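Here are the chains, one letter per residue:
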Amino acid sequence: MIKFENVTKAYPDGTVAVDGLNLEAPTGKLTILVGPSGCGKTTSLRMINRLIEPTSGTIYLDDQPTSGMDAALLRRRIGYVIQHAGLFPHRTIVDNVATMPILLGESRQKARTKALELIERVGLPASFAKRYPWQLSGGQQQRVGVARALASDPAFMLMDEPFSAVDPVVRGQLQDEFLRLQSEIGKTIIMVTHDIDEALKLGDQVAVMRVGGKLAQMASPSELLTSPADEFVADFVGRDRGYRSLGFTKTAGAVAIGEEAVVQLGASAEEARAKATGAWVLVVDGSRKPLGWAQPEQIAGGELKREHLNLSGIAAAASGTMRQLLDAALSSPSRRGVVVNEHGELIGTVTATDVVKAIEAEPHLETAR
Amino acid sequence: MNIEWLGRQFDTIVFLLGWHVLLTVIPLILGLLIALPLGWWAHRSRRIYPLLVGVAGLLYTVPSLALFVLLPLVLGTKILDPLNIVAALTIYTVALLVRVVADALESVPEDTVQAAKAMGYRSWQSLLKVELPVGVPVISAGLRVAAVSNVSLVSVAALLGIPQLGSLFTQGFQLRFFTPIIAGILLCVILAMILDGLIILLNRWLTPWTPKVVAS
Ligand SMILES: Nc1ncnc2c1ncn2[C@@H]1O[C@H](COP(=O)(O)OP(=O)(O)OP(=O)(O)O)[C@@H](O)[C@H]1O
Ligand SMILES: [Mg+2]
């Protein structure tokens with residue numbers, strides 16, 4: 001557990017970066033600090049491992065005040081992912097990752113073996129081990145930064161915008177990989193971001209800070225969306241928060257899934273026309289996995305081929321969220337959203353109307369602003 | 001060129017060359033060793049930096065001959081003592097390298113220094129294991145300048161009668177005989193080039209991590 005008690009930081013020039021912060025990051029959970037630029041997120045994070053000393057107040061690590069500890073020893077207990085990775089340019093990737101264990105007295109050999117494992121664990125090929133940081137892309141360097149912080153297997157991790165230097169697609173992948181990793185290792189993490197979507201996606205709990213270094217609200221992602229504490233939080237969480245909050249509502253049988261007649265590749269135009277509802281028919285493979293939608297009129301005389309498929313629809317898992325279900329319906333050319341089971345096999349289809357009906361029947365969501 | 005003379009004087013020339021190498025390299029190493037802590041000090045403190053770099057710049061402008069003559073008074077050595085040359089050139093090397101070392105440490109990316117600190121390196125560990133190694137390319141660039149400058153400064157000591165390649169110049173002038181002068185110049189140039197090359201090799205060996213510039 002990491003706890004802030006009335007922590008204030010005023011820089012020598014008078015800037016109050018953090019003002020009376022009270023916050024608790026529970027053991028084994030991922031706590032996110034989010035807020036507009038300059039609201040004191042980095043300052044808060046760096047006060048935990050005493051790269052910055054608080055002006056007043058106390059920070060506790062598992063109930064022990066950090067102020068009495070030897071700063072270097074304190075830092076060795078905490079993994080720190082610096083913004084833009086901050087790798088050592090003069091060390092190979094494997095030696096970058098092995099830094100902390102070696103500093104803690106482990107043998108070079110052992111530390112390197114462990115580092116190699118970690119490099120693969122964050123999704124990089126082992127062949128990168130002998131490279132130098134400049135030979136990696138920004139996103140790859142950030143993964144190494146994460147691996148380096150994990151190497152000494154610290155109980156605590158501080159991460160400053162660890163996924164910021166990459167494009168949205170890679171960022172999404174890194175986030176997913178990280179969530180999977182965290183579900184295995186369960187560390188006490190405080191992560192800083194200024195991206196509210198990232199905060200809502202990753203956080204077990206999210207602390208929204210406002211400029212001036214004050215805590216505006218601390219809550220779970222769905223609570224932030226459905227009951228923001230004030231105008232500032234409501235604004236910061238964003239306009240389409242009503243729609244986004246659907247991303248936290250499980251469908252769990254609330255939506256009626258309709259049956260859908262299907263054809264396979266190679267079907268004749270007549271068969272397709274007979275099975276179609278409206279202008280579209282759903283095409284599946286031999287194991288009932290959806291391939292795409294087709295229009296029987298376009299199968300001119302011959303048989304149904306791959307080139308006739310419209311691939312724009314996104315399938316939703318029956319175990320997924322309302323948002324995924326609605327997205328499946330809205331993205332489908334037939335306006336019928338494909339629903340699949342955990343093996344990717346077709347269960348049936350839903351319409352946007354069905355989903356909205358289920359949402360309206362959901363008592364929790366009625367309180368959404 | 002009088003090849004026959006060169007052949008006869010071969011032993012003397014090798015002897016002079018040996019002295020020249022010693023008088024160049026020893027101050028270079030001593031100067032670097034002294035400049036490292038001074039440069040680190042200048043780098044650490046915003047107030048010390050202009051002071052140290054300013055004094056170093058001033059020292060470098062003192063004419064070498066004046067220093068060679070003044071040092072015996074300060075050190076209590078004899079005027080013909082080669083130690084004077086070593087001391088004087090060490091001062092020049094330090095004067096040149098203090099700024100170089102400070103700038104080398106300054107060239108280390110802030111993120112890198114912060115990362116070292118955040119991982120629990122104490123400040124001396126960070127200096128030895130991160131900041132100095134990353135600053136090596138800047139330091140070697142400064143060292144190359146100091147080496148070449150030392151090679152030429154040593155020859156001035158010939159005026160005091162201390163044996164090194166510069167003695168070939170004084171001898172040539174006295175005898176109005178060009179062969180030793182040309183031999184002296186050539187050997188100085190070659191020595192400077194060899195030292196320069198050695199430092200380049202050393203730098204390459206110490207910094208396998210720098211991006212290789214592909215010659216076009
Ligand atoms: N060394 C410093 N001296 C004076 N003021 C500082 C210093 N470092 C930061 N500040 C100020 O403190 C405030 C908080 O800075 P901080 O870096 O914590 O913001 P942040 O929330 O991390 O912002 P960003 O999202 O842009 O990284 C800012 O107004 C900043 O200008
Ligand atoms: Mg910041």
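Every value quoted in this text rests on a predicted model; they were computed, and no experiment measured them.

Colleague: Please explain the packing of aromatic side chains as it appears in this structure.
Modeller: The geometry of an aromatic ring pair is captured by the separation of the ring centres together with the interplanar angle, meaning the angle of the planes. Counting across every chain of the model gives five aromatic pairs over all chains. Ring geometry for Tyr60(B) against Tyr92(B): centres 5.6 Å apart, planes inclined by 85°, an arrangement best described as edge-to-face. Here Tyr60(B) is found in helix α3 (residues 48–61), whereas its partner Tyr92(B) is found in helix α5 (residues 82–106), with 32 residues between them in sequence. A cation over a ring is seen here: Arg131(A) above Phe128(A), with NZ or CZ 4.2 Å from the ring centre. Looking at Arg148(A), its charged tip hangs above the ring of Phe88(A), at a distance of 5.0 Å from the centre.

Colleague: Is there a simple way to think about the packing of helix α3 (residues 93–103) of chain A against helix α4 (residues 108–121) of chain A in this case?
Modeller: For any two helices packed against each other, one specifies the inter-axial angle together with the distance between the axes. Residue and element names in this part refer to chain A. Two numbers describe how α3 lies on α4: the axes approach to 8 Å, and their chain directions differ by 120°. When the interaxial angle is binned, α3 and α4 end up oblique. In this structure, α3 meets α4 at a crossing whose hand is right-handed. Of the residues in α4, those in contact with Ile93, Val94, Asp95, Val97, Ala98, Pro101 and Ile102 of α3 are Arg108, Ala111, Arg112, Ala115, Leu116, Leu118 and Ile119. Counted by class, the contact of α3 with α4 contains eleven nonpolar, no polar and three charged residues.

Colleague: Looking at this structure, I do not really get the domain arrangement of chain A. What am I missing?
Modeller: Interface size is often expressed as the accessible area that is lost when the parts come together. Residues and elements named next belong to chain A. According to the domain assignment, chain A contains domain 1 (2–248) and domain 2 (262–361). For domain 1 versus domain 2, the distance between C-alpha centres works out to 41 Å. Counting residues at the interface gives four residues for domain 1 and six residues for domain 2. On the domain 1 side of the interface with domain 2, the three residues burying the most area are Tyr243, Leu246 and Gly247, jointly 88% of the side's total. For the pair domain 1 and domain 2, the number of links is zero salt bridges. Viewed at the interface, domain 2 and domain 1 are joined by two residue pairs in polar contact (both at pLDDT 80 or more). Within the side of domain 1 that touches domain 2, the residues separate by chemical class into two nonpolar, one polar and one charged.

Colleague: Explanation requested: the site of ligand 1 in the structure shown.
Modeller: All names here are of chain A. Neighbouring ligand 1 are Tyr11, Asp13, Thr15, Ala17, Ser37, Gly38, Cys39, Gly40, Lys41, Thr42, Thr43 and Glu161. Separating an oxygen atom of ligand 1 from a side-chain N or O atom of Lys41 is a distance of 2.7 Å. Notes on ligand 1: free accessible area 640 Å², of which the protein chains cover 63%. With three residues, the single largest contributor to the shell around ligand 1 is helix α1 (residues 41–48). Along the lines of polarity and charge, the residues of the shell around ligand 1 split into three nonpolar, six polar and three charged.

Colleague: Would you explain the pairing of strand β8 (residues 188–193) of chain A in this entry?
Modeller: Walk down a regular strand and you will see the side chains alternate between the two sheet faces. Residue and element names in this part refer to chain A. Of all six residues making up β8, six are buried, and the element is well covered by its neighbours. Burial along β8 is two-sided: the residues Thr188, Ile190 and Val192 and Ile189, Met191 and Thr193 are all buried. As paired elements, strand β3 (residues 30–34) and β8 share five bridges and run parallel to each other. Within β8, the residue paired with Thr31 across the bridge is Ile190. In this sheet, β8 lies alongside strand β7 (residues 156–160) in parallel orientation, the contact comprising five bridges. Bridging across to β8, Phe156 finds its partner in Thr188. In this region the chain leaves β7, passes through helix α6 (residues 168–185) and returns to the parallel neighbour β8; the handedness of that crossover is right-handed.

So, how was this worked out
- Residues numbered from 1 in each chain as written.
- Chains lettered and ligands numbered in written order.
- Predicted model: local features only at pLDDT ≥ 70, side-chain atom pairs only at ≥ 80, totals over all residues.
- Heavy atoms only, no water.
- Phe/Tyr/Trp six-rings, centres within 6.5 Å; stacked < 30°, edge-to-face > 60°.
- Helix = DSSP H or I, 4+ residues; strand = E, 2+ residues; numbered from the N terminus.
- Lys NZ or Arg CZ within 6 Å of the ring centre and 35° of its normal.
- Axes fitted to C-alpha atoms, helices over the stretch in contact; angles between N-to-C directions.
- Parallel < 35°, antiparallel > 145°, perpendicular 65-115°, else oblique.
- Left-handed = near helix turned anticlockwise from the far one by under 90°.
- Contact = heavy atoms within 4.5 Å.
- Nonpolar A, V, L, I, M, F, W, Y, C, P; charged D, E, K, R; others polar.
- Domains from an automatic or database assignment.
- Buried area = accessible area lost by both parts, 1.4 Å probe.
- Salt bridge = Lys/Arg side-chain N within 4 Å of Asp/Glu carboxyl O.
- Polar contact = N/O pair within 3.5 Å; in protein donor to acceptor, adjacent residues only side chain to side chain.
- Near = heavy atom within 4 Å.
- Areas by Shrake-Rupley, 256 points an atom, 1.4 Å probe, with all protein chains shown as cover.
- Buried < 20%, exposed > 50% of the residue type's maximum accessible area, 1.4 Å probe, protein only.
- Pairing = 2+ DSSP bridges.
- Right-handed = clockwise from strand over helix to strand, strands pointing away.

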